[in-house]
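# Structure at a glance
Take a look at the letters that make up each chain.
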Amino acid sequence: MLEQYRKEIDQIDEQLVDLFEKRMDTAKKVGEYKKERGLEIFCPDREKAVIKKRTEQTKNPAYRQYTAEFFEDIMRISRSLQAKVLNGAQNFLYQPADFLNADLKVVYPGVVGSYSGEALNKFFPAVKHKLNVNTFLEAAKLVADGEADFGVLPFENNSSGAIADTLDLILSEHLFIAGETYVDVRHCLLGTSDAEMEDIKEIYSHNQGFVQSGLFLSSLKADIKCVPMENTALAAKYVAECGNKKKAAIASRLAAESYGLKILKENIHENSGNTTRFVVVSNKLTCDNNCDKISAAFTTRHKSGALCDVLAVFARNGVNLMHIESRPLKQKDFSYMFYIDFEGNLADSNVADAITQIKETGAELILLGNYRTENVR
């Protein structure tokens, strides 16, 4: 009996294949029509109407849910084919980045001795014009306004995670990631030349410095006050200028050397391999054939399975998703944006297809950059 049922299914499937090919041929013609007229692939009202009509057409009420799911898949597959039609002549507006030009103006947040300055020197060893400002915001705005060619900003740490301020600024200032570099972060407790551990009453640093040195801080006297500053090197400079042995800073050995401070305790960070990823930002989308990593952000429609629909696009197109995390949308309570990194180049056909198909799920996607991966040491 089972074999008989299987034969019946095989006969039905043969008919379905013929009908499926006819439907895809027609869907392709629709894609060509839309391409000629600059129309959007995704038409939610049309799709809802088709699914509703076919669901109502289903005679057995127990099958109506499956009919809806079947036609949702058919519509998604049709959109995928139409995306390939549109992507045949798609060009992304980008240009190669000129990182080797010694006359570039590059900005970083912090002062001499900061980790951001170290990242700049590592990525731009030959650049002559290095600008430093106090805050991430100032650095981002100089790049956005074209007063600096590139900026170097901390993006994430392997101990304390993403640095939310940087991602927020990239989005709000409409910047793009043009490159990345990694810096070993070795925090020290720095004091004045006459200071000893028992003298310290206040410690200054960036919030990340406090988080990454949490165990060390918890071992100190309870009455010691932690005061956040814009960056670690600025904290070191402040302690040096105050000349007060009761004040200390969490910063680098380079900061100690730069401001004549005494190292009271070395390597106070919890993670022995403490590393920060820095991104190079530009006000243009830059890319060349060597770029193999893409960053983007997206929001989904508020419906069941919306995130799953987006993630499935990567699998269908053979694109490796390297990283995903959610970020709250400040303008909407309890709504979220997703930040992603994935492998590929914007010139790759499967990447172009994936980007288009993500948009066709109803998600709003923002490209944040295509750049070359730097391997962590």
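Anyway, here's the lowdown on the structure attached to this text. (Residues numbered from 1 in each chain as written. Predicted model: local features only at pLDDT ≥ 70, side-chain atom pairs only at ≥ 80, totals over all residues. Heavy atoms only, no water.)

## Brief notes about the nonpolar core
Rules: Definition of nonpolar core: a set of buried residues of the types Ala, Val, Leu, Ile, Met, Phe, Trp, Tyr and Cys, connected through side-chain atoms within 4.5 Å. Residue exposure (1.4 Å probe, protein chains only): buried if accessible area is under 20% of the type maximum, exposed if over 50%, otherwise partly exposed. Strands are runs of DSSP state E lasting at least 2 residues, helices are runs of H or I lasting at least 4, and numbering of each runs from the N terminus.
One finds V107, I170, V281 and Y339 to be the most contacted residues of the largest nonpolar core, which totals 24 residues. Those elements giving two or more residues to this core turn out to be helix 5 (136-144), strand 3 (150-157), helix 6 (164-172), strand 11 (275-282), strand 14 (336-343) and strand 15 (364-371). The element that contributes the greatest number of residues to this core is helix 5, accounting for five residues.

## A word on empty space enclosed by the protein
Where empty space is left can be seen by rolling a probe of water-molecule size over the atoms. The condition is simple: In the cavity and pocket records, a cavity denotes points on a 1 Å grid over the protein atoms alone where a 1.4 Å probe fits but cannot get out, a pocket denotes an open set with protein on both sides within 12 Å along at least 5 of 7 lines, and lining residues are residues with an atom within 4 Å of a point. Grid points are joined across faces, edges and corners, and a volume is the space filled by probe spheres set on the points. Three classes are used, and their members are as follows: Ala, Val, Leu, Ile, Met, Phe, Trp, Tyr, Cys and Pro are nonpolar, Asp, Glu, Lys and Arg are charged, and the others, Gly among them, are polar.
All chains considered together, the criterion is met by four cavities of 30 Å³ or more. In this structure, the largest cavity is lined by 18 residues; those nearest its centre are Y115, P154, H206, Q208 and T232. Of all the secondary structure elements, the ones that give two or more residues to the lining of the largest cavity are helix 4 (115-123), helix 7 (207-212) and strand 11. The dominant element in the lining of the largest cavity, judged by the number of residues it contributes, is helix 7, at three residues. Grouping the constituent residues of the lining of the largest cavity by class yields seven nonpolar, ten polar and one charged.

## Focus: helix 5
Given 3.6 residues per helical turn, the α-helix brings residues three or four places apart onto the same face. Applicable threshold: In this context, the arc is that of the directions from the helix axis out to the C-beta atoms.
Buried residues of helix 5: F136, A139, A140, L142 and V143, and no others. Looking straight down helix 5, one finds that the buried residues subtend no more than 160° of arc, so they occupy a single side. Phi turns positive one or two residues past the end of helix 5, at G146, with a value near 80°.

## Details of the sheet that holds strand 8 (residues 225-228)
The pairing of strands in a sheet comes from backbone hydrogen bonds and takes either a parallel or an antiparallel form. Put simply, the rule reads: A pair of strands is treated as paired once DSSP finds two or more bridges between them. Axes here mean lines fitted to C-alpha atoms, for a helix over just the part in contact, with angles spanning 0 to 180 degrees between N-to-C directions. Any pair of residues with heavy atoms lying within 4.5 Å of one another is described as a contacting pair.
Taking strand neighbours across the sheet as the criterion, the five strands line up as 8-7-9-6-10 in an open arrangement whose pairing is mixed. Two strands close off the open sheet at either side, each with one partner strand: strand 8 and strand 10 (262-265). Taken over all neighbouring pairs, the strand axes of this sheet differ in orientation by 35° on average, direction set aside. Sheet topology note: the strand 6 (residues 188-191)/strand 9 (residues 247-251) ladder contains four bridges and is antiparallel. Bridge assignment links L189 to a residue of strand 9, and that residue is I250. On the sheet, helix 9 (residues 232-242) packs against strand 6, strand 7 (202-205) and strand 9 and is oriented at approximately 155° with respect to strand 9.

## Structural notes on the packing of helix 11 (residues 306-316) against helix 12 (residues 349-360)
Our working rule: Between 65 and 115 degrees an angle is taken as roughly perpendicular, under 35 as roughly parallel, over 145 as roughly antiparallel, and anywhere else as oblique. For a crossing to be left-handed, the near helix must be turned anticlockwise from the far one by less than a right angle; the clockwise case is right-handed.
Across the interface, helix 11 lies against helix 12 with an axial gap of 9 Å and an inter-helix angle of 160°. One way to sum up the angle between helix 11 and helix 12 is to call them roughly antiparallel. Note that helix 11 runs across helix 12; the crossing there is right-handed. The residues of helix 12 that touch helix 11, namely those facing V310, V313, F314 and R316, are A354, Q357 and I358. Looking at the contact of helix 11 with helix 12, its residues break down into five nonpolar, one polar and one charged.

## Describing the pairing of strand 5 (residues 176-184)
The element strand 5 is extensively covered by neighbouring structure, given that eight of its nine residues are classed as buried. Sheet topology places strand 5 next to strand 11; eight bridges connect them, and they run antiparallel. Looking at the pairing, D184 lines up with T275 of strand 11.

That is the geometry; function is a separate question.
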